[in-house]
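Below, each chain spelled out in residue letters.
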Amino acid sequence: MLNIHDVADYIIVRTNEVGFTLVIPFLQKLLYYCQANYLGLYHKPLFNGKFKARVFGPLNEEVASRFFVNYAYVELISKNFKIELIPEESRNFINQLLENYCKFSDSQLIDIVRSEKPWKEARKGYHSSGLCDVEIDEELMRKQFSDSVLPINQIDYYMRRG
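This write-up is about the structure you can find in this document. (Residues numbered from 1 in each chain as written. Predicted model: local features only at pLDDT ≥ 70, side-chain atom pairs only at ≥ 80, totals over all residues. Heavy atoms only, no water.)

**A closer look at the pattern of salt bridges**
Here the structure, examined in full by the defined rule, presents 10 salt bridges. For Arg 14, the salt bridge is made with Glu 17, and the minimal N-O distance between the two is 2.7 Å. Residue Arg 14 and its partner Glu 17 are both found in helix H1 (residues 4-17); the two are separated by three residues, about one turn of the helix. A salt bridge links Glu 121 to Lys 124; its shortest N-O distance comes to 3.3 Å. In this structure Glu 121 comes out as partly exposed when scored by relative accessible area, which is 33%. (Salt bridge = Lys/Arg side-chain N within 4 Å of Asp/Glu carboxyl O. Helix = DSSP H or I, 4+ residues; strand = E, 2+ residues; numbered from the N terminus. Buried < 20%, exposed > 50% of the residue type's maximum accessible area, 1.4 Å probe, protein only.)

**Some points on the nonpolar core**
Most often, soluble globular proteins keep nonpolar side chains buried together rather than apart. Within the largest apolar cluster, 43 residues are counted, with the highest numbers of intra-cluster contacts made by Ile 11, Leu 31 and Ile 94. For this core, the secondary structure elements donating two or more residues are H1, helix H2 (24-42), helix H3 (61-67), helix H4 (88-101), helix H5 (106-114) and helix H6 (117-122). Residue contributions to this core peak at 11 residues, all from H2. Not counting residues up to four positions away in its chain, the partners in contact with Ile 11 are Leu 22, Leu 27, Leu 30, Leu 31, Cys 34, Ile 94 and Leu 98. (Core = buried A, V, L, I, M, F, W, Y, C linked by side-chain atoms within 4.5 Å. Contact = heavy atoms within 4.5 Å.)

See below:
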């Protein structure tokens, strides 16, 4: 199992390579979808790390803490990261996921997350704008994504909604 920070660094490196502007909330969602899709396809986690069902999507507190200093986000710079830390098979998986999910805006990903059962279940009983510290159930994530990564027709639907 990989370390969540190594996966975050890999995502930062890959998105920088293709000129994609990455912000912390979007990184959080990409990490969540990496984990959820990996659970669905391989029935085991890609990395260590849990996500809480926050208002604007999944949040991993370790990653949030890493990039949040003195109430301000630090720059997305990956220091001392070695690509070899991520096996080629995992890199290929993450690359495919990035191709699918980086087509969306952050607000589109918020809509997608909010429509999915794992997030809905974790937020049951909470006001739509209320703080929620409930972890998203990995078994529900696995079930939600057990068929495949986000189907092309769902990607097209969200892209048309713009």
